[in-house]
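Breakdown of the fold
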Amino acid sequence: MELSAADLFLIEKYKDFLPKKVFDAHIHITKKPSLPDVPFDTQTPADYKRDMGPLLPGVEEIRLNMMPYPARRALSQLENGLRDKSNDYAFSLVEEGCPNVVSPLIHPKDSEEFIWKLTERPGCRGLKCYAHISGEQDLESLPVDAYLPETAWMVANEKKLPIILHLFRKAALSDPDNLQYVNTMAKKYPNAQLVLAHCARAFASWTLMDSIHKLQDNGNIWFDLAAVCEFGTMAACILKNAGKRVMWGSDYNVGMLPGRAISVGSWQDWLTGEDYKGTERALVATENLMAFYQAALLLNLDQTQIEDIFYNNAVSLFG
């Protein structure tokens, strides 16, 4: 992929900020032929390094938390076997001695026994739920327990594993039901580690700013920065726990799309190619890295804190 002038400009700004080691806590891996409604080609860790490498100059070691892409139509029906095939493909990419890990997709109908066996597969270091594969149509009114089964909490609590949660409903963490769910379940299952993906899906930054102070800190709530492009949102997450439970993520392959997520009025929007009106656009992942760089400058993070968010915190969580 040829980078735009906008990408090259931003990379030049943040390149000296990058550490030598990166653990990308949030990437999607898929095998195209088995998922007809996935907009991306088949991906492997080698594809990631080819695509993301130019955005990460000077990085010498890259580790990945690989999650199957949650294709809505293909994976909502368990009987077609595509969810299992998607997980199988991700696990197939973890070879002996491989530093990468897998967070397989779980379905709201999964039993405790099924999830337990899933976590025993080599390379499994987390669980990924997603509303898109619940089979429900109105995702913006869907409660979390409609796509994250309590059986997952039970297993994660027993095995001290992370659950990667993408919140839905318009207000995200500021939705009263979402906030209550997160606080209640994190307290009920203190050994389970809950990762609030995309800064608790704060693409509309007010959804986090209005609610993060109400988030009860039991030491098991984390944030990943995947696809977030506003440095203030990232800064709020870092300040919540001094950056100890914050991890960088690219949201690959989504991160390779041109544009950025922004807060607009009472909601959010994604700027795409047609929205730039003649100005060259950068990739979402480049904009995301620039936003993290700005957040680090704003908070005066030291090198240790930067390395923690880029690498050490994810190693602590995923092993």
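A short tour of the structure in this document, coming up. All values reported here derive from a predicted model rather than from experimental measurement.

Before going further, it helps to examine the nonpolar core. As a rule of thumb, soluble globular proteins bury nonpolar side chains together. If you look at the biggest cluster of nonpolar residues, it comprises 93 residues, and the most contacted ones within it are L148, L165, V182, L196 and F292. For this core, the element with the highest residue contribution is helix 11 (residues 284-299), accounting for nine residues. Not counting the four nearest positions on each side in its chain, L196 is found in contact with L165, L173, V182, L215, I221, W222, F223 and D224. Within the second largest apolar cluster, 13 residues are counted, among which are A197, Y311, A314 and F318.

Each neighbour pair has its own omega, and for Y252 with N253 the value is 10°, a cis peptide bond. On the secondary structure map, N253 appears in the loop between strand 8 (246-247) and strand 9 (260-264). Positive phi outside glycine occurs at C199, with the angle close to 55°. For C199, the position within the fold is in helix 8 (residues 197-201). Positive phi, normally seen in glycine, also occurs at R201, with a value near 55°. Within the secondary structure, R201 is located in helix 8. Take R201: its relative accessible area is 7%, and that puts it in the buried class.

On strand 5 (residues 162-165), burial covers both faces: P162 and I164 on one face and I163 and L165 on the other are all buried. Here two bridges tie strand 4 (residues 127-128) to strand 5, and the two strands are oriented parallel to one another. Of the residues in strand 5, the one forming a bridge with K128 is I164. Following the chain from strand 4 across helix 6 (residues 150-159) to the adjacent parallel strand 5, one finds a crossover that is right-handed. Where strand 5 and strand 6 (residues 193-196) come together, four bridges link them in parallel fashion. Note that in strand 6 the partner of L165 across the bridge is L196. Between the parallel elements strand 5 and strand 6, the chain passes through helix 7 (residues 176-188) in a crossover that is right-handed.

With that settled, consider the pattern of salt bridges. This model, assessed by the stated rule, comprises 15 salt bridges. We note a salt bridge from R50 to D47, for which the minimum N-O separation is 3.0 Å. Here D47 and R50 lie together in helix 2 (residues 45-52), a separation of three residues that amounts to about one turn. Salt bridges sharing partners connect three or more residues here, namely D47, R50 and D51.

Reading the values: the criteria
- Residues numbered from 1 in each chain as written.
- Predicted model: local features only at pLDDT ≥ 70, side-chain atom pairs only at ≥ 80, totals over all residues.
- Heavy atoms only, no water.
- Core = buried A, V, L, I, M, F, W, Y, C linked by side-chain atoms within 4.5 Å.
- Buried < 20%, exposed > 50% of the residue type's maximum accessible area, 1.4 Å probe, protein only.
- Helix = DSSP H or I, 4+ residues; strand = E, 2+ residues; numbered from the N terminus.
- Contact = heavy atoms within 4.5 Å.
- Pairing = 2+ DSSP bridges.
- Right-handed = clockwise from strand over helix to strand, strands pointing away.
- Salt bridge = Lys/Arg side-chain N within 4 Å of Asp/Glu carboxyl O.

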